[in-house]
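Coordinate analysis (summary)
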Amino acid sequence: MPTTVLVVIDIQTDFCGGGALAVPDAEAVIPAANRLMRDFRRVILTQDWHPLGHVSFASSHPGQPEFSRVSLPSGQQVLWPDHCVADTPGASFHPDLEIPADAAVVRKGVHPRIDSYSAFFENDRTTPVGLDAALQDLAAAEIVLAGLATDYCVLQTALDARQLGYDVTVVEAACRGIDLEGSLAEAWRRMDAAGVRGA
Ligand code: VGL
Ligand code: ZN
């Protein structure tokens, strides 16, 4: 039997209600993620983890408003409010998340000049982040995804996983999106086209 690993994406204080980059209805994913974490023997959590002054922060681009876009060497970048700054309360996992003692954690977006939505490759599309190595350690062939945000980190992680040959299921009830200019519907279209399963 191929090993299936649950990957819980970025359920962090800053992405939940009252956080710096709150995803609408984000708390709704917590009971669903807790249920999944009880059901799966192997769990990996990802954590958005940026240095102060990160390139994805609007505050690092004087004159550019939040949620605008700029061109970077790694491609188009949405400029976000400062969020998930390493070692701050906003970067912590949501306190209601019931994290298994043996879960692994993959941090992403740690490089000051490159953002990373995917937990496989940074947005330059070449620098590995660490999820593939963690899955290889567990001999995983299949992954199940839940978390935030459907149209950014869940989407890019799911697409990279398909490209790397993993069987991928996204649990819709355990995900919520940011939905900038139709990005949520577009995300589901792209995942569908890439052979990502919904559940
Ligand atoms: C995310 C925007 C910026 C995410 C992370 O986890 O989807 N979105 N940083
Ligand atoms: Zn981020």
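Quick summary incoming for the structure in this document. Since the structure is predicted, the reported quantities are computational estimates derived from the model, not experimental observations.

1. Description of the coordination of the zinc ion (ligand 2)
- Looking at the zinc ion (ligand 2), one finds its protein donor set to be Asp-48 (OD), His-50 (NE2) and His-83 (NE2), positioned 2.0 to 2.2 Å from the metal centre.
- Classification of the site at the zinc ion (ligand 2) as irregular follows from its four donor atoms and the range of 87 to 169 degrees in their angles at the metal.
- All donors of the zinc ion (ligand 2) belong to a single chain; written as a sequence motif, their spacing is D-x1-H-x32-H. Highlighted residues: Asp-48 in strand β2 (residues 43–48) and His-83 in the loop between β4 (75–78) and β5 (104–108), separated in sequence by 35 residues.

2. Some points on the pattern of salt bridges
- This model, assessed by the stated rule, comprises nine salt bridges.
- Glu-98 serves as the salt-bridge partner of Arg-38, at 3.0 Å between the closest nitrogen and oxygen. A residue pair is termed long-range when its members are at least 10 positions apart, and Arg-38 in helix α1 (residues 29–39) and Glu-98 in the loop between β4 and β5 qualify at 60 residues.
- Here Arg-38 falls in the exposed class, since its relative accessible area comes to 57%.
- Two residues, Asp-160 and Arg-125, come together in a salt bridge whose shortest N-O distance is 2.5 Å. Of this pair, Asp-160 sits in helix α3 (residues 150–163) while Arg-125 sits in the loop between β5 and α2 (131–137), and the two are 35 residues apart along the sequence.

3. A word on the sheet that holds β2
- Strand order in this open sheet of six strands is β5-β2-β1-β6-β7-β8, and the pairing throughout is parallel. Of all the strands in the sheet, the pair left with one neighbour each is β5 and β8 (197–198).
- Pairing of strand β6 (residues 140–148) with strand β7 (residues 167–176), which is carried by six bridges, proceeds in the parallel orientation. Across the sheet, Ile-143 pairs through a bridge with Val-168, a residue of β7.
- Along the sheet face, α1 touches β1 (3–9), β2, β6 and β7 and points at about 140 degrees away from the line of β7.

4. With respect to the nonpolar core
- If you look at the biggest cluster of nonpolar residues, it comprises 61 residues, and the most contacted ones within it are Leu-135, Ile-143, Leu-145, Val-168 and Val-170.
- Elements with a contribution of two residues or more to this core: β1, α1, β2, α2, β6, α3, β7 and α4 (183–193).
- Counting residues in hydrophobic clusters, the runner-up holds five residues, among them Val-55, Ala-58, Val-70 and Leu-79.

5. A short note on the side chain of Ser-118
- Here Ser-118 lies in the loop between β5 and α2.
- Within polar-contact distance, the side chain of Ser-118 engages the backbone nitrogen of Phe-120 at 2.8 Å.
- Filtering out sequence-adjacent residues up to four positions away, Ser-118 remains in contact with Lys-108, Arg-125, Val-129, Gln-156, Thr-157 and Asp-160.

6. A short note on the pairing of β6
- For β6, a buried count of seven out of nine residues is recorded, marking the element as mostly surrounded by other parts of the structure.
- By the bridge criterion, seven bridges tie β1 to β6 in an arrangement that is parallel. Across the sheet, residue Thr-4 finds its bridge partner in β6, namely Glu-142.
- Handedness of the β6-α3-β7 crossover: right-handed.

Rules and cut-offs
- Numbering of residues starts from 1 in every chain and runs along the sequence as written.
- As a convention, the first chain written is A and the first ligand written is 1, with the rest following in written order.
- For this predicted model, a pLDDT threshold of at least 70 governs which residues receive local features, and a threshold of 80 or more governs which side-chain atom pairs are given and counted, while totals over whole chains, interfaces and linings are taken from all residues.
- Hydrogens and waters are ignored; side-chain quantities use all the structure's heavy atoms.
- Only nitrogen, oxygen and sulfur atoms count as donors, using a 2.8 Å cut-off from the metal that widens to 3.2 Å for Na, K and Ca. Water is left out, so coordination shells may look unfilled.
- Just to be clear on the cut-offs, tetrahedral is four donors with all angles between 85 and 135 degrees, square planar is four donors and octahedral six with opposite donors over 155 degrees apart and all others between 65 and 115, and anything else goes down as irregular.
- Helix and strand assignments come from DSSP, with helices taken as H or I runs of at least 4 residues and strands as E runs of at least 2, each series counted from the N terminus.
- By definition here, a salt bridge exists when the distance from a side-chain nitrogen of Lys or Arg to a carboxyl oxygen of Asp or Glu is within 4 Å.
- Summary of the burial criterion: residues with accessible area below 20% of their type's maximum are buried, those above 50% are exposed, and those between are partly exposed, where the area comes from a 1.4 Å probe applied to protein chains only.
- When DSSP finds two or more bridges between two strands, those strands count as paired.
- The contact criterion used is simple: two residues touch if any of their non-hydrogen atoms lie within 4.5 Å.
- Axis definition: a line fitted to C-alpha atoms, over the contacting stretch in the case of helices. Angles run 0 to 180 degrees between N-to-C directions.
- Buried Ala, Val, Leu, Ile, Met, Phe, Trp, Tyr and Cys residues that are joined via side-chain atoms within 4.5 Å together make up what is termed a nonpolar core.
- Think of a polar contact as two N or O atoms within 3.5 Å of one another; within protein, one of them needs to be a possible hydrogen donor and the other a possible acceptor, and neighboring residues in sequence only count if both atoms come from side chains.
- Looking down the strands as they point away from the viewer, one classifies a crossover as right-handed if the path from the first strand across the helix to the second runs clockwise.

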